[in-house]
Amino acid sequence: MSKPLTDQDRRKQISVRGLAGVENVADLKTNFNRHLHFTLVKDRNVATRRDYYFALANTVRDHLVGRWIRTQQHYYDKDPKVSRKGCRSPVRTHARARARAHSGEGEGGGGRGVGLFCRRETAIPFARARACISACEPLSASIYRHFPGSSSLPRIVPPQVEEADDWLRYGNPWEKARPEYMRPVHFYGRVEHTAEGVKWVDTQVVLALPYDTPVPGYRNNIVNTMRLWSAKAPCEFNLKDFNVGGYIQAVLDRNLAENISRVLYPNDNFFEGKELRLKQEYFVVAATLQDIIRRFKASKFGSTEYVRMDLSTMPEKVAIQLNDTHPALAIPELMRILVDTEKLSWEEAWDIVTRTCAYTNHTVLPEALERWPVDLFQNLLPRHLEIIYEINRRHLERISKLYPGDHDRLRRMSLIEEGDAKKINMAHLCIVGSHAVNGVARIHSEIIRNTVFKDFYEVDPEKFQNKTNGITPRRWLVMCNPGLADVIAEENKMKFAAHLEEQYKVKINPNSMFDVQVKRIHEYKRQLLNCLHIITMYNRIKKEPNKAWTPRTVMIGGKAAPGYHTAKMIIKLITSIGDIVNNDPVVGDRLKVIYLENYRVTLAEKVIPASDLSEQISTAGTEASGTGNMKFMLNGALTIGTMDGANVEMAEEAGEENLFIFGMRVHDVEALDKKGYDAVSYYNRIPELKLAMDQISGGFFSPSQPGLFKDLVNMLMHHDRFKVFADYEDYIKCQEKVSALYKNPKEWTQMVIRNIAGCGKFSSDRTISEYAREIWGIEPSLEKIAAPDDPR
Ligand SMILES: *Cc1c(COP(=O)(O)O)cnc(C)c1O
């Protein structure tokens, strides 16, 4: 009898079978060896693990190339034949830079959607013009290693250490540079109004070099293209300085131009108004739009003599989805191309722009909304500023006709915010320049209609839609949890426990409830509420050590933005609580607190299938959708959560009684805001809350630095925008119910099954088809595409 297959064996088999469907295993081995020998120039004696990976990647890529080319030919051939509702050519040129050194962005759910939307990683259907590389492991912003029970650690450790990850050092086997499609992008300069029209002159030029990555469909022989851009200095960069002896400096300065795509901004839900960021946003937008127009004109559809006429048909073949406001410059840039270069009238151009563009909002947090200073624009993009002013003039003219004399409304709706420094409200620009505006969960879409974009909803209600986010079951179930079908939870928990022990020398009790909160560290996500629950559990165990407490292993993971001090202190608090709790012999293995460092997709794929309880506890009205919540639901964890984001729809699909819902609803939060949130009153009224806060502020968890958490404490007590204390009591009560149910495995499992059964809605396949039908106006192509080895 042969040994039973392990999961790893099974996975290997599946992947080999997938490839072997078209070519046999012997061919595969031959090609692998050929790449090792001829491409990597190594033999088995000296090849490293990376060499093997590259040889395999190249072998797999070879299999895709035929389909990749065929798919592009198919689009070219079939495109003109299909009607308005036909298959729109996926000119999915992505407004993203191929940053060379990269960082934490693309970590959060939004970033996930960016990188892999073609694969339907999550719902977000189009690239954000964030200069980010989320498809690849982002800067491994690592958290220091945390060993509960280890005494060899220094007493004072930083909460998070960022380290560079030079991910392109060894090359990227999946991408193909396309220098033949390089495009110039202009910056700075000045605007001339002449008899022949407007000219943007004396600009500085940076070249945008495209890199294409194949994106295979699921068993349909389709391979689409993701095109990323890298900045290159032109040959003649600063050439004029050569004459005056500045040769060396001119060559060195080329780096300045190439810095545009060197690094991405690591913030999550936070706008940092830096010039380099604006440059990046314009760089990817300008490169992408030139590419779109070149391809449209080169298609059968666009290539007649009457190019001028044909551009008006662009919206029938091209959709530009503005994924957040980061690519908002697509609106003035397309206007500039159509009016200044193509010589269309303003009205004709505006019609094309608004029918082509659509906007997805991803947050209502005011600190995350992009508001660029007019001065910055005046200097960097003077022509775009003029165009934005003209868009605003016409927009306000329309509003003042609809609401004569309502000056306050004009001020609220203007694209330009007056004040010490004038600012451009990019969300307003996106709404005005788009035919569709959507939020990413039902409650979020309602909130934007009723609050931030209320005035816009009143004038154009038909523009506003909802597209609830989704996740891909291929990655988040079939790939990361192949054991789900065969009585899962135990196996996954044992595996993850073994992983923790091996990697971090942490021993955990696999019989305890795995209570997991993994996501970016942010005040609105309220990791601090989780901390207060941990401390409360700890104090209760200490008070009644002989009671039959439900054992829990609480795991919290996520990166802080490097400049977000409060978030880093939250990490510090979590690890400090762990140091005390995990080393208390009275507690034993009934409560453990683990900080999961370097949380990223590869870790998510391990921890989510092993989780019992999913923490989705943001303040109602702050998490637009969330996608982590969906991954846990699909993998058999139960959710403890607020009525926020997609949790609302999860409760609807699974039945509210099958989730642990607690806390304020959006209207309660609003009411409390009106009344005035007074954290101190909760502190004085709730003894367990008071005890926990006194312990934090008194140095109980940081004996060597008693004042360490005074800023956090001060925030929670006196200026907590996210009202942690207001939900404390209900959260603790709800957690008691969770603990009680966990003791009844039969009922727990029933609830899990009802969740898995109800999570179908959250497939990103559903999300994408909604975008396609309801925003882009296209239907799926029914035509099948042949594999390269099929006869044509
Ligand atoms: C899904 C995912 C997220 C998003 O999680 P939320 O709970 O929705 O914030 C963040 N990081 C990684 C690595 C993910 O896989």
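Residues numbered from 1 in each chain as written. Predicted model: local features only at pLDDT ≥ 70, side-chain atom pairs only at ≥ 80, totals over all residues. Heavy atoms only, no water.

**A short note on the overall build of the chain**
For step 1, the next point in the chain: A tally of regular secondary structure across the chain gives 31 helices and 20 strands.
For step 2, the next point in the chain: At a minimum sequence separation of 6, the contacts of the chain that also span at least 24 residues come to 75%.
For step 3, the next point in the chain: Summing over all exposed atoms, the chain offers an accessible surface of approximately 33900 Å²; the carbon and sulfur share of this is 54%. (Helix = DSSP H or I, 4+ residues; strand = E, 2+ residues; numbered from the N terminus. Contact = heavy atoms within 4.5 Å. Areas by Shrake-Rupley, 256 points an atom, 1.4 Å probe, with all protein chains shown as cover.)

**Considering unusual backbone geometry**
Trans peptide bonds make up the majority, and among non-glycine residues the majority have a negative phi.
For step 1, the next point in the chain: Positive phi outside glycine occurs at Arg526, with the angle close to 60 degrees.
For step 2, the next point in the chain: Relative to the assigned elements, Arg526 resides in the loop between β15 (513-518) and α20 (527-543).
For step 3, the next point in the chain: Exposure remark for Arg526: the relative accessible area of 1% places this residue in the buried category.
For step 4, the next point in the chain: The phi torsion at Lys723 lies on the positive side, around 50 degrees, for a residue other than glycine.
For step 5, the next point in the chain: For Lys723, the position within the fold is in the loop between α28 (710-718) and α29 (724-742). (Buried < 20%, exposed > 50% of the residue type's maximum accessible area, 1.4 Å probe, protein only.)

**Brief notes about the nonpolar core**
For step 1, the next point in the chain: Counting residues in hydrophobic clusters, the biggest one holds 185 residues, and the most contacted among them are Phe283, Phe377, Met555, Met693 and Phe725.
For step 2, the next point in the chain: Filtering out sequence-adjacent residues up to four positions away, Phe725 remains in contact with Leu532, Tyr677, Ala679, Tyr682, Tyr683, Leu689, Met693, Leu716, Met717 and Asp720.
For step 3, the next point in the chain: In this structure, Ala319, Ala624, Tyr771 and Ile775 belong to the second largest nonpolar core, which totals 10 residues. (Core = buried A, V, L, I, M, F, W, Y, C linked by side-chain atoms within 4.5 Å.)

**Section: the sheet that holds strand β12 (residues 423-425)**
Working definition: the strands of a sheet are paired by backbone hydrogen bonds and lie parallel or antiparallel to each other.
For step 1, the next point in the chain: What the 3 strands build is an open sheet, ordered β10-β12-β11; its pairing is antiparallel. Both edges of this open sheet fall to β10 (371-373) and β11 (416-417), since each of them pairs with a single strand only.
For step 2, the next point in the chain: Examined bridge by bridge, β10 and β12 share 3 bridges and lie antiparallel to one another. Among the inter-strand pairings, Arg371 is bridged to a residue of β12, identified as Asn425. (Pairing = 2+ DSSP bridges.)

**Notes on the UniProt feature "modified residue: N6-(pyridoxal phosphate)lysine" (unreviewed entry) in the chain**
For step 1, the next point in the chain: As annotated in UniProt, the feature "modified residue: N6-(pyridoxal phosphate)lysine" (unreviewed entry) corresponds to Lys631 in the numbering used here.
For step 2, the next point in the chain: By the secondary structure assignment, Lys631 is in helix α23 (residues 628-634).
For step 3, the next point in the chain: With relative accessibility at 7%, the residue Lys631 sits in the buried group.
For step 4, the next point in the chain: The residues touching Lys631, leaving out its near neighbours within four places in the chain, are Ile471, Trp476 and Ile608. (UniProt positions renumbered as here; feature names shortened; annotations may be inferred.)

**Some words on α28**
For step 1, the next point in the chain: What α28 keeps buried is the set Leu712, Val713, Met715, Leu716 and Met717.
For step 2, the next point in the chain: Those residues of α28 that are buried are in contact with α20, α21 (565-582), α26 (679-685), α27 (687-697) and α29.

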